[in-house]
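# Coordinates in review
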Amino acid sequence: MNIIRPMLLALLLAVPNVATAVRIYQSTGPDGVTQFSDQPSPQARELDISVPTQVPAAQPPGAYDKPTATETSTAPEAIRYTRLRITQPSNDAVFWFADGPVRVQVDIAPPLAEGHVLVPFLDGVAQGEGAAGNSFTLSGLNPNTYQLKVVIRDQNGRNLKQSATVRFHFKRQSVNLPARRAPPATGN
């Protein structure tokens, strides 16, 4: 009976009160694979294998299927985000250049997990590597109308959830506005 090496060791350790030495026969098959057997053959070489006198206690069925404490603590738990919504700016909001950067606020449930980031997209283009919170600012904008969405990404760069798109307008005030003109000269 041919036995693969790991199976042989498992078989020897599973038998209680095993003698300290067991005879095993090693040979090379026609395909070049090393084989072990408990029956001699003409080409086989006899091996003496020492087996420990103390055999480990048998594990209950299925015990090897359960993860150990270290496996469960290092394996990241899959987070399923149920809500991702841009709350600020509101759709069609107007921002003025003089007011500074545009503040973005996002509603996320459950809260953003460790290692996950919130990546803003303006007109379909990612803006930076992402923020580790639910608010950030967009600066350096030119006067224009923008389409904004946010995406939650994990530490491997995979997109986990995407928000709906919000449109906002970033404007610069004109120097020709009536409030900026010099008062008319009086004729006194």
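Residues numbered from 1 in each chain as written. Predicted model: local features only at pLDDT ≥ 70, side-chain atom pairs only at ≥ 80, totals over all residues. Heavy atoms only, no water.

## Remarks on the overall build of the protein
What the protein contains, in helices and strands, is two helices and 13 strands. When each of the 188 residues of the protein is scored for burial, the buried share is 26%. Within the protein, contacts between residues at least 6 apart in sequence are counted, and of these 59% link residues at least 24 apart. About 13500 Å² of surface is accessible on the protein, with carbon and sulfur atoms providing 52% of the total. (Helix = DSSP H or I, 4+ residues; strand = E, 2+ residues; numbered from the N terminus. Buried < 20%, exposed > 50% of the residue type's maximum accessible area, 1.4 Å probe, protein only. Contact = heavy atoms within 4.5 Å. Areas by Shrake-Rupley, 256 points an atom, 1.4 Å probe, with all protein chains shown as cover.)

## A word on the sheet that holds strand 5 (residues 83–88)
In sheet architecture, strand pairing relies on hydrogen bonds along the backbone and comes in two forms, parallel and antiparallel. If you walk across this open sheet you meet the three strands as 5-7-10, and the pairing is antiparallel. Two strands close off the open sheet at either side, each with one partner strand: strand 5 and strand 10 (135–138). Averaged over all pairs of adjacent strands, the angle between their axes in this sheet comes to 30°, without regard to strand direction. Bridge analysis of strand 5 against strand 7 (residues 102–109) gives five bridges, and the strand direction is antiparallel. Residue pairing across strands places Gln88 opposite Gln105, the latter belonging to strand 7. (Pairing = 2+ DSSP bridges. Axes fitted to C-alpha atoms, helices over the stretch in contact; angles between N-to-C directions.)

## Quick notes on the pattern of salt bridges
Counting across every chain of the model gives four salt bridges. Measuring nitrogen to oxygen at the nearest pair gives 2.7 Å for the salt bridge that ties Asp107 to Arg83. Within this pair, whereas Asp107 is found in strand 7, its partner Arg83 is found in strand 5, the two being separated by 24 residues in sequence. Overall, Arg83 belongs to the partly exposed group, its relative accessible area being 39%. Between Asp154 and Arg158 there is a salt bridge, with the nearest N and O atoms lying 2.7 Å from each other. On the basis of relative accessible area, Asp154 is assigned to the buried category, the value being 7%. (Salt bridge = Lys/Arg side-chain N within 4 Å of Asp/Glu carboxyl O.)

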